[in-house]
Amino acid sequence: RVLSVAMCLVLGAQALRAGPAKTAPLEKAPAVTKMSKEVAHKPTEADVEKLHARLESLAGKLNAMVKDKNGPLMKAKIGPEMEMFVKELNSVLSETKSIKDPVVAFQKLEDARASMGALTSELTSH
């Protein structure tokens with residue numbers, strides 16, 4: 001169980017590190033999500049700002065959990081992996097603030113959001 005959660009965290013962090021997919025569909029399937037359905041058109045700066053705000057709020061909560069070195073999350077075996085995941089999420093959030101193309105920025109944020117969804121699903125399924 002812990003191993004599968006750890007693998008999910010590592011894979012999620014790797015997904016955050018990677019740019020938008022330029023690979024075959026088998027390597028990266030598009031996530032069908034609430035946000036994806038909301039943006040059926042070419043993403044605008046407003047779409048990017050909305051998604052960025054959602055992820056920034058979530059990152060803030062995760063940062064607090066990771067900073068508490070005596071908290072239950074950091075005492076768990078997945079603590080170091082979660083710390084790496086949060087670091088990568090923060091990196092994506094910082095990087096997307098300076099991206100001028102809303103389509104590129106939105107895709108990076110959507111990839112990060114999908115990784116968060118996978119992480120949440122994995123953590124709550126056990």
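Conventions used here
- Residues numbered from 1 in each chain as written.
- Predicted model: local features only at pLDDT ≥ 70, side-chain atom pairs only at ≥ 80, totals over all residues.
- Heavy atoms only, no water.
- Helix = DSSP H or I, 4+ residues; strand = E, 2+ residues; numbered from the N terminus.
- Buried < 20%, exposed > 50% of the residue type's maximum accessible area, 1.4 Å probe, protein only.
- Contact = heavy atoms within 4.5 Å.
- Areas by Shrake-Rupley, 256 points an atom, 1.4 Å probe, with all protein chains shown as cover.
- Salt bridge = Lys/Arg side-chain N within 4 Å of Asp/Glu carboxyl O.

### Describing the overall build of the chain
Logical step 1: A count of helices and strands for the chain gives 6 helices and 0 strands.
Logical step 2: If you list the helices and strands of the chain from N to C, you get α-α-α-α-α-α.
Logical step 3: Here the chain holds 126 residues, and 35% of them are scored as buried.
Logical step 4: Here the analysis covers contacts within the chain between residues at least 6 apart in sequence; of these, 73% occur between residues at least 24 apart.
Logical step 5: Entry remark: accessible area of the chain is about 7700 Å², with carbon and sulfur atoms responsible for 59%.

### Focus on the pattern of salt bridges
Logical step 1: Within this structure, the stated rule accounts for 4 salt bridges.
Logical step 2: Residues Lys69 and Glu83 are paired through a salt bridge, measuring 2.6 Å at the closest nitrogen-oxygen approach. With Lys69 in the loop between helix 3 (45–67) and helix 4 (72–75) and Glu83 in helix 5 (residues 79–97), the pair connects residues that are 14 residues apart, well separated along the chain.
Logical step 3: The partly exposed category is assigned to Lys69, whose relative accessible area is 47%.
Logical step 4: Accessibility expressed as a relative area gives 32% for Glu83, which makes it partly exposed.
Logical step 5: Glu95 is the salt-bridge partner of Lys108, the closest N and O atoms lying 3.1 Å from each other. Within this pair, whereas Lys108 is found in helix 6 (residues 102–124), its partner Glu95 is found in helix 5, the two being separated by 13 residues in sequence.
Logical step 6: Classification of Glu95 as partly exposed rests on a relative accessible area of 35%.

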